[in-house]
Amino acid sequence: MLLRIMKNNFLFSIGIIVCSLWIVIALVAPLITPYNYLAQDLAHRFQAPSSLHWFGTDSIGRDVFSRVLMGSRISLIAGLATIILASFVGMIYGGIAGYIGGLTDEIMMRISEMVMAFPGIILAMTIAAALGPSLYNTLLAMAIIWWPNYARVMRSMVIANKENEYVEAAKSLGASHFRIFFNEILPNSVGPVLVLATLDFGNAILLFSGLSFLGLGSPPPTPEWGAMVADGVLNFNYWWIGTFPGLAILTMAVGTNFIGDSLRDFLDPRLRKEL
Amino acid sequence: MSDDIGQDDLLRINNLNVQFRTSEGVFRAVRDVSISVRSGETLGIVGESGSGKSVTALSIMNLVPNPPGETSGEIIFNQQNLRELSLEEVRKIRGNEIAMIFQEPMTSLNPIHTCGKQIMEPLLLHKGFSKKEAKARALELLKMVGIPIPEQRFKEYPHQLSGGMRQRVMIAMALACRPKLLLADEPTTALDVTIQAQIMELLKNLRQEIDSAIIMITHDLGIITEMCDRVVVMYAGQVVESGPLKELIREPLHPYTEGLLRSIPTITKEKQRLHTIEGTVPSPFEMPFGCSFQPRCNYSTSNCSEQAPDLIHVSPDRAVRCWRQVNELGQDNRRVEHGR
Amino acid sequence: MEDNVLVQVQNLKMYFQSESSFSFNKKYIKAVDDVSFELFKGETFGLVGESGCGKSTLGRTILGLYKPNAGKVIFEGEDIVSLKNNRMKDMRKKMQLIFQDPSASLNPRKTIENILNEPFHIHNVGSKVERKAKIKELMNRVGLSEYHLSRYPHEMSGGQKQRVGIARALTLNPKLIICDEPVSALDVSIQAQVINLLEDLQKEYDLTYLFISHNLSVVHHICNRVGVMYLGKLVETGSHADIYHNTQHPYAKALISAIPNTDPDLQKERILLKGDVPSPANPPSGCRFHTRCPEVTELCSQAEPLLKEVFPGHFVACHGVE
Amino acid sequence: GGSKDAATKPEGSDGTKQLIMALDPDYETFDPGLAYEVYALLVLHPVYDTLMQFEDNLDAPIDGIAESHEVSKDGLTYTFKLHKGVKFASGNPLSAQDVKWSVERSINLKGNGAFLTDGIKSIETPDQNTVVFNLKEQDASFLTKLTYNAFGVIDSKLAMENGATNAADASTSDKAKLWFDTHSAGSGPYVIESYTPKVEVVLARNKNYWGEAPYYDKVVLKAISDPGTQLMMLEKGDIDIAFNLGPEHVKQIQNKPGIEIKKAQSMTLTFLLMNRDPKVGGPIANPDVQKAIRLALDYRGMQTIAGEGSITPVAPFQVGFLGTLPPRDPKTAQDIEKAKELMKKAGYEKGFKTTLEVATLAVEGMDLPTLAQKIQNDLLQIGIETEIKTSDIMVALDPYRKGTQALSLWYWGPDYPDPNTQLAFLPGNPVGLRANWTAEMNPKLVELGKKAAVEVDKAARIKNLEDIQKMMDEDSAFDVLLQHARHYATRDNIKGTDYIDLYKINLKNVSAK
Amino acid sequence: MGLLKYIARRLFFLVFLVIGVSLVVFVISHSVPSDPVLANLSQRNIDNPEMVEAFKAKWGMDKPLYTQYFIYVGNLVQGDLGTSIRTQRPVLDDLQDYFPATIELAIFSIIIAIIFGMLFGIISAIKRNSAMDQLIRGISVLGVSVPSFWLGLMFLLLFYVHFGIAPGPGRISPYLKPPVEVTHLYVIDALLAGNWSLARDALWHLLLPGLVLGSFTMGLITRTTRSSLLEVMSLDFIRTARAKGLTEKMIIMRHALGNALIPVVTVIGIGFGNLLGGMVLVETIFAWPGIGQYAYKAAGNLDFPAIIGVSILISINYVVINLLVDILYGILDPRVRYH
Ligand SMILES: Nc1ncnc2c1ncn2[C@@H]1O[C@H](COP(=O)(O)OP(=O)(O)OP(=O)(O)O)[C@@H](O)[C@H]1O
Ligand SMILES: Nc1ncnc2c1ncn2[C@@H]1O[C@H](COP(=O)(O)OP(=O)(O)OP(=O)(O)O)[C@@H](O)[C@H]1O
Ligand SMILES: [Mg+2]
Ligand SMILES: [Mg+2]
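Every residue gets a number counted from 1 within its own chain, in the order that chain's sequence is written. Each chain takes a letter, starting from A, and each ligand takes a number, starting from 1, following the order in which they are written. Since the coordinates come from a predicted model, pLDDT governs what is reported: local features require at least 70, and pairs of side-chain atoms require 80 or more to be given and counted, while whole-chain, interface and lining totals use all residues. Just so you know, side-chain values use all the structure's heavy atoms and leave hydrogens and water out.

In the nomenclature of an unreviewed UniProt entry, chain B is known as Oligopeptide/dipeptide ABC transporter, ATP-binding protein of Desulfosporosinus meridiei.

Under an unreviewed UniProt entry, the name given to chain A is ABC-type dipeptide/oligopeptide/nickel transport system, permease component, and the source organism is Desulfosporosinus meridiei. UniProt positions are given in the numbering used here, feature names are shortened, and annotations may be inferred rather than shown by experiment. Per UniProt, the comment on chain A under Sequence similarities (unreviewed entry) is "Belongs to the binding-protein-dependent transport system permease family."

As structure tokens, then:
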């Protein structure tokens, strides 16, 4: 299937290539970085890109290229962790709300709407400011911002599936709520949520980099792309410090979004026929 | 080749083929279909779901989506081959000389325009009516299709109407330009029994009033019996039998038609065990070799699974696609292209 | 009460709330409103009526899938409306449901074998071997082969799926099967196969059917007795002959006359009804049919007619019928 | 700027001369009784006259609105004669009562700067032009303290009309704060014309000013937090002064025409806190380890990061204050071998792991977390593995003040320009206690500190301070890393923009060349 | 009538929302290890217990938590959002100062995003699978993928520093005086004052941040317009329209677009909400004196009255925008009736 889509879709192919590249880089990063990403060399700080330092060096003489490569790991992990955490919470929450329905559903959905209305980034900043910025706190904050999306999708899926006759069939056979929920409804509802989660990966990476740009990620000297761009803003006149990590975020997000965009098209049954 | 076709044919479809290129592969939804309709006549097309009835109707209007659909053959309407006309010319015929009523009244109307506006549209487009004239005519049409308080319905949106009302609006819209040919693709299947009766009655009455030919697509033999002059039976993309209504019902020639007729419970028949056609319609990707109906056929012989039968005339008005008939007719068989 | 009564439905009412729970003035859809009738052992009772008149709701309420607002459903002498969970679960074995849409009624993610195993799992009956044997037997009985067991629903045709649905309904040896439009989604040629199968199974397993359909020809073919519903109410019940040849209620008459007729020589008079079915959320006063009735009188809009026995076993709810 | 060519920056529509300065301000109020932020005096100094003031340097305060002053023999009574005929911007005459009212208001408002008034016993106004302060005890820095806005002279009549009060319960009954934010009631050369938080403060010429009129009609202080942006705008000529530049920024514009780069010694220190409490600091609490750390650090590298002009004092006493020793020689200050020996002596030959806490902010254009990474790097050489923990300054302050940080990076600006303010670092004193460096741990040093606080004789004071520094070089819970340089830049057609730590730039003095 | 009832219901939710949001921030704020007292008193004063007591009393921090919350809600009901610990000004005043800048930028960028997003989406759907379509889809994906803080930096570097064709950060050129505030939206205020050059300057300053901020929403709108239009084009009533003999252009303009825009409206609502969230980053880069920067500072200072204030403001905004979207929905789609 993959190949067939790829053949017909230029953007999708690019996405696949870019993403695979980043995943490979993340896997083998320590082996291919030309320098230790932590090694400081104050004698050679702020070196412009050259054959020695492809992306130049930063304010304490570290090799930006090596740091960008290493940074792919954190970005991927952060994106993955957020999505997993948020979709897990969202699925359970939305599933319960949708299944029980009625007033419970109404109240639960109002609460999730409230979380959605809540300015997420401010929430994240507050949490980070309060608990101290760290990867865990940031991921936690992101998951808190993110789960209602999944809850909503899950809920509507569950509500739609709840009406299905096979659920009624199970009911008429005397199946318990537990069994109905986990055996009949859940397996048929998680698909779209998981798809949404995959498509959301790029957005999670973006949000994470935004937060780490604000200084809310893991502490230095972790090579976080967002934080590196912030360093670039601080050292405005050395364009390479911020440009390359920014490009890294961009390419990773573009890659996942190209895939997501094409998949979205592909998964839409009305559009699929013609792909 | 076919010499017995009268010049009074309003529409003649010759060797229509439609195939779809899908992700699972290519399949032929309509195979070598030839049909003709005289003006003023009502032709019924019956057949199982997926047998290509709608696609045939759509290809008359050149509405088969392309891609994935690929159409070939001749569609001669009013002495013009519609397939050779430019899109612009086809558009002038659509909605004007040929109109169509669709199966789903719920989704076939645009939800964000009022019914009146949608009825007026073809009038403004094809007849060059002024807005005022168009409105007057639209109200007239609404009255004609039996909608009470047309002035109010005119202003309402489709969702404010019941299914039966919507189907009436669809009919009014189709009849707006007094088309010469009306294609009705299962116009009543989505409706309730009593409403279905209303619509059928309406169509019957209108048929006399508007004097257009009608192609009535349905899988309900009852509707065919009540409405049609002639019947075409389709199976797996092919015409398997055609003929005048009464003859065909009394004396079906194709085993499929026969099975179909016998398997329907009716209230006039005595209660007895229903006749069945065993098996299921073949998947379009796995068409059986030879005759498409052969795996389900009680009379099938080795010949049937080896070679596909042609559509042959058994009388000037009747044609059938079956080896049994071929064998009975012996050497006399003639290949025809028009299901008469 | 006669011994051969399997189910007795008494004054059953099932209302749905139409608005969300936050709104102030709640509206009710009276899907089933004060319906009483009986099902006899081994018979097929047909339930006909237009879309939305409450046929499915009635069937499901009898099964206990909905909690009725009022009324009783007495199954073999026991009112199942008041049953507690465990007893209800046992009761479930005796009643089953076959659905209209064969694709929607099978979980797309389970193989046919899993689907058929489900009832055993839920009720924890039979050993693995027994289950397997029973499933095989049923598959054969409904005309499917064993190799279908490992398939998924989407790999089967509509008729085959409906057969699986029927097999599932039979696994626990029920006494009553409610068939909710079991053939209306099927193609004409397949329809007959399924109808024949249902008839055979009835004889073989001594089943009672509540057969819901809006196809009056099918009901005519399969049913011993028929009930005609209109807007949540039962307007006429009686034997097959009563309903088809001695029709009393004007609505039932219209319904029967509306059946398209497959004999080209037969020209019959059709009773056309005015307008559409009113919404069950606010049904007309008096007789609910009075807005469309060709034989309407003044009384009809004021008083609600009760279901009266006009002939032995033939009940009609109409002011115009004595 | 008035003299700027019109092509790059048009004049105000009416031809007024205006100075535009970009900075990353921290001011939150312009109520002289409450303001105590770093940049407060930049705005308030040209608006409110004080009895004493600094002109170009911080050597010794000179008379401000006081014509002359006298200190009694016992050092407890200060008498000030005011200039005659001074009027507030409102036109109200300025009298001794206004001075007394203003100071009393500051005392009673209990704002952040109120501690400067702590030593005052009473204030008397024998006549319209005389103010007398009676102190509780001798205070060598009292005149310096008088330069602060807590002593700024407010037009009491106008202020009271707008809800101000000097009553004892002023901290709750005074309602003038919001008024003061967008208005002023001073006698300085400028008045506050408008204040849009986060955007700008506009100062306009005081038409009733008693002294020599300033050059500019208007001074606009633009809030632009990002140094890169400040730099860009300066290059474009959109602003006249870009005040918050890092050392790296100025490098970029070194040879650009039309720009003058300014560099000055700031009084801000960056230091490493090493806790003395083993319960908090673990191995860090060992004095030998602390000394090892002091020897292990690469001061030259740190100065590179902090930028040209930064130095490393020996102890927490700024170069530029009375009695401060010459700074360390960065070339020889690092001695890894000796440091390793000390580690061995302390029993940590194999090193250990610890956390280095740092607030996320920039000190004089230098990013503290960047410096932390340098320290992390250096400490690795003697086997100390550190994990950096960053947090917002406001969050980090909590454990810092409670003394629960093992190893942390901090900065310090003097409360007032006098070495006495630095005595806080001594054991048993407030900052010392943040490292749990108690008085018992070094009684000798405590003794010296006590003497320094009351010593009035200049030579003795210098000797005393030098002793303290030498002792702290040997044994201290703090390692002073840097005394920063301040980098900023101006368009080259203006003058009077020299740095003075108290005011940053004395806006009264800025004019076109 | 139905609409009014619907609005009343949303407003009822608003009350619930405000209470919820304030409660959440309140709980976070008081369960954190840090202390706003420490954050906002000078080092000297921290050591002075009397000062600390005075400070706590002033901000009501000496009372038990629930009392503090009830006091807060009590004030809230009277429209009093409390006083910012950091700026010592009423939070409401602060918000009034900062919010217009944010709104001005948000409106500008949403307009850009809507215009270009819909245009691109329509073109892309009509020319499905063409090179043009791929290009536009590429751009829209780029739009949703580009980190705004980085794009802002790049824009400034390129257009302001390097080429000098775009204005620098801030709402207006530094040497200009802000217009007399009527609406607090500079462009409009300048126009009201008849000051054309100022209006142009303000508008010009909106360009870069507006583009940066709007890029995400634009991508989103493009994507939605495209897929929604494609979806609508496959619906039955389009076939009906074809059967009537309409030209493709007429079909798109009269039948498809109206229906296709309905989901786009929702996305615009979401996009607007996103804008306000993304403000923190963009405002930081462009020195934009808006609510984002205010919130950033407030969070850093644990200035909880301010954080609650901002959160409530943005939440209300979210609800109001959604309400507007829903109303617009009802206008575009006659099927939607608010019971
Ligand atoms: N746009 C399309 N793309 C691909 N396949 C199509 C398309 N339209 C129709 N088909 C296929 O063509 C075949 C014939 O379809 P058609 O709609 O003509 O059947 P029908 O006889 O009208 O059936 P029904 O009674 O269910 O309406 C079917 O197999 C259908 O799946
Ligand atoms: N779960 C439900 N919640 C609310 N209303 C319902 C529910 N189920 C059915 N209804 C309403 O009750 C009425 C009767 O519905 P029901 O499904 O019983 O009709 P039916 O006779 O089976 O119609 P059909 O022939 O279309 O299947 C309808 O108006 C329907 O909208
Ligand atoms: Mg069809
Ligand atoms: Mg039903």
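Visitor: Break down the overall build of chain B for me, citing the residues and quoting the values.
Guide: Secondary structure assignment for chain B yields 12 helices and 12 strands. We compute the radius of gyration from the C-alpha atoms alone; for a globule the expected value is 2.2 Å times N to the 0.38, where N is the number of residues. Taking 20 Å as the expected radius of gyration for a compact globule of 340 residues, we find that chain B reaches 21 Å, a close match to that expectation. Among the 340 residues that make up chain B, the fraction classed as buried is 61%. Working rule for contacts: check all heavy atoms of both residues, and any pair within 4.5 Å makes them a contact. At a minimum sequence separation of 6, the contacts of chain B that also span at least 24 residues come to 64%. Only the protein chains shown count as covering a residue, and every accessible area follows the Shrake-Rupley method with a 1.4 Å probe. By element, 47% of the accessible surface of chain B is carried by carbon and sulfur atoms, the whole surface being about 13600 Å². What counts as a helix is a DSSP run of H or I of at least four residues, what counts as a strand is a run of E of at least two, and both are numbered from the N terminus. The cut-offs for exposure are 20% and 50% of the maximum accessible area for each residue type, with area from a 1.4 Å probe on protein chains only; residues under the lower value are buried, those over the upper are exposed, and the others partly exposed.

Visitor: Residue-level account of the site of ligand 1, with values.
Guide: Residue and element names in this part refer to chain B. Lining the immediate environment of ligand 1, one finds 14 residues, of which Ser-49, Gly-50, Lys-53, Ser-54 and Val-55 sit closest. Polar contacts here mean pairs of N or O atoms no more than 3.5 Å apart (in protein, one a potential hydrogen donor and the other a potential acceptor; neighbouring residues in sequence count only if both atoms are side-chain atoms). One nitrogen or oxygen atom from the main chain of Gly-52 is found 3.1 Å from an oxygen atom belonging to ligand 1. Within the side chain of Ser-54, an N or O atom sits 2.5 Å from an oxygen atom of ligand 1. For ligand 1, the accessible surface in isolation is 630 Å², of which the surrounding protein chains cover 73%. Counting residues per element, the ones that place at least two in the shell around ligand 1 are strand 2 (25-38) and helix 1 (53-60). Here the element with the most residues in the shell around ligand 1 is helix 1; it accounts for three residues. All amino acids are sorted into three groups, where Ala, Val, Leu, Ile, Met, Phe, Trp, Tyr, Cys and Pro are nonpolar, Asp, Glu, Lys and Arg are charged, and the leftover types, Gly among them, are polar. Tallied by class, the residues present in the shell around ligand 1 amount to six nonpolar, five polar and three charged. Throughout this document, a residue counts as near a molecule or strand when at least one of its heavy atoms sits within 4 Å of that molecule or strand.

Visitor: Please set out the environment of Ser-23 of chain B residue by residue, giving values where relevant.
Guide: Residues and elements named next belong to chain B. As for its placement among the helices and strands, Ser-23 is situated in the loop between strand 1 (9-22) and strand 2. A relative accessible area of 39% places Ser-23 in the partly exposed class. Sequence separation between Ser-23 and Pro-68 is 45 residues; the distance between their C-alpha atoms is 9.6 Å.

Visitor: Describe the interface of chain E and chain A, and please don't skip the residues or the numbers.
Guide: At the interface, 51 residues of chain E touch 48 residues of chain A. Put simply, buried area is how much 1.4 Å-probe accessible surface two parts lose in total, over both of them, once they are put together. In total, about 4500 Å² of surface goes out of reach between chain E and chain A, with carbon and sulfur atoms giving 72% of it. When the buried surface of chain E facing chain A is broken down by residue, Arg-137, Phe-149 and Trp-150 of chain E rank first, second and third, together holding 13% of it. Note on definitions: salt bridges are taken to be side-chain nitrogens of Lys or Arg within 4 Å of carboxyl oxygens of Asp or Glu. Taken together, the links from chain E to chain A amount to zero salt bridges. Ranked by residue count, the leading element in the side of chain E that touches chain A is helix 1 (residues 2-31) of chain E, at nine residues. Each residue belonging to the side of chain E that touches chain A can be placed in one class, and the counts come to 35 nonpolar, 10 polar and six charged.

Visitor: Before we move on, could you go through the confidence of the model for chain B and cite the residues and values that matter?
Guide: Residues and elements named next belong to chain B. One number per residue, pLDDT, summarises how confident the predictor is, and it ranges from 0 to 100. Of the residues in chain B, 94% reach a pLDDT of 70 or more, and the chain-wide mean stands at 85. By mean pLDDT, helix 12 (residues 323-329) is the weakest element of chain B at 76, and strand 9 (residues 230-235) is the strongest at 93. Across residues 1-5 the pLDDT falls below 50, and counting only partners more than four positions away or on other chains, this stretch makes nine contacts in the model. Here residues 333-340 is a poorly scored stretch, pLDDT under 50, and it has 39 contacts once near neighbours within four places are set aside; other chains count. Prediction confidence for the complex, expressed as pTM and ipTM, is 0.80 and 0.77 respectively.

Visitor: Let's hear about the nonpolar core: which residues, and what values?
Guide: Counting 243 residues, the largest nonpolar core has Val-68 of chain A together with Ile-166 of chain C as the members making the most contacts within it. The biggest single contributor to this core is helix 8 (residues 177-213) of chain A, with 14 residues. The contacts of Val-68 of chain A, once residues within four sequence positions are left out, are Trp-22, Phe-55, Trp-225, Met-228, Phe-244, Pro-245 and Ala-248 of chain A. Nonpolar cores are built from buried Ala, Val, Leu, Ile, Met, Phe, Trp, Tyr and Cys residues. Side-chain atoms within 4.5 Å join them into one set. With 102 residues, the next largest nonpolar core counts Ile-210, Leu-221 and Ile-249 of chain B together with Val-188 of chain C among its residues.

Visitor: Quick rundown of the site of ligand 2? Include the residues and the values.
Guide: Residue and element names in this part refer to chain C. What surrounds ligand 2 is a group of 14 residues, the closest being Ser-51, Gly-52, Lys-55, Ser-56 and Thr-57. Between ligand 2 and Thr-57 there is a distance of 2.4 Å, counted from an oxygen atom to a side-chain nitrogen or oxygen. Between ligand 2 and Glu-181 there is a distance of 3.3 Å, counted from an oxygen atom to a side-chain nitrogen or oxygen. A total of 630 Å² of accessible area belongs to ligand 2 in isolation, and the protein chains cover 67% of it. Considering every element that reaches the shell around ligand 2, the biggest residue donor is helix 1 (residues 55-63), with three residues.

Visitor: Before we move on, can you summarise the sheet that holds strand 16 (residues 384-391) of chain D with the specific residues and values?
Guide: All names here are of chain D. Two strands qualify as a pair provided that DSSP identifies no fewer than 2 bridges between them. A sheet is described by the order of its strands in space; here 10 strands give the open sequence 8-9-10-1-11-18-12-17-13-16, paired in mixed fashion. If you trace the sheet from one side to the other, it starts and ends with strand 8 (190-196) and strand 16, each paired once. Strand-to-strand twist in this sheet, taken as the mean axis angle between neighbours without regard to direction, amounts to 20 degrees. Alignment of strand 12 (residues 259-274) against strand 17 (residues 407-412), held across six bridges, turns out to be antiparallel. All axes here are fitted lines through C-alpha atoms, helices being fitted over the stretch that makes contact, and every angle between N-to-C directions spans 0 to 180 degrees.

Visitor: Tell me what's going on with the UniProt feature "domain: ABC transporter" (unreviewed entry) in chain B, and back it up with residues and numbers.
Guide: Here the UniProt-annotated "domain: ABC transporter" (unreviewed entry) positions come out as residues 11-261 of chain B. A helix fraction of 39% and a strand fraction of 28% characterise residues 11-261 of chain B, whose end C-alpha atoms lie 28 Å from each other.

Visitor: Describe the interface of chain B and chain C, listing the residues and the values that go with them.
Guide: Taken together, the 44 residues of chain B in the interface contact 41 residues of chain C. Roughly 3600 Å² is buried in total at the junction of chain B and chain C, and carbon and sulfur atoms are behind 59% of that figure. Counting the surface chain B buries against chain C, the share from its top three residues, Val-193, Ile-267 and Lys-271 of chain B, is 19%. Put simply, chain B and chain C have one salt bridge between them. Here Arg-273 of chain B and Asp-200 of chain C are joined by a salt bridge, their closest N and O atoms 2.8 Å apart. Of all the secondary structure elements, the ones that give two or more residues to the side of chain B that touches chain C are helix 7 (193-210), helix 8 (221-227), helix 9 (245-250) and helix 10 (255-263) of chain B. Tallying contributions element by element places helix 7 of chain B first for the side of chain B that touches chain C, with nine residues. Its residues assigned to classes, the side of chain B that touches chain C shows 15 nonpolar, 16 polar and 13 charged.

Visitor: Tell me about the pairing of strand 13 (residues 352-359) of chain D, residues and numbers included.
Guide: The side chains of a regular strand alternate between the sheet's two faces. Residue and element names in this part refer to chain D. With six of eight residues buried, strand 13 lies mostly within the body of the structure. Here strand 13 pairs with strand 16 via eight bridges, running parallel. Opposite Phe-352, over in strand 16, you have Ile-384 as the bridge partner. Pairing of strand 13 with strand 17 involves three bridges; the strand directions are parallel. Counterpart to Val-358 in the pairing with strand 17 is Leu-409.

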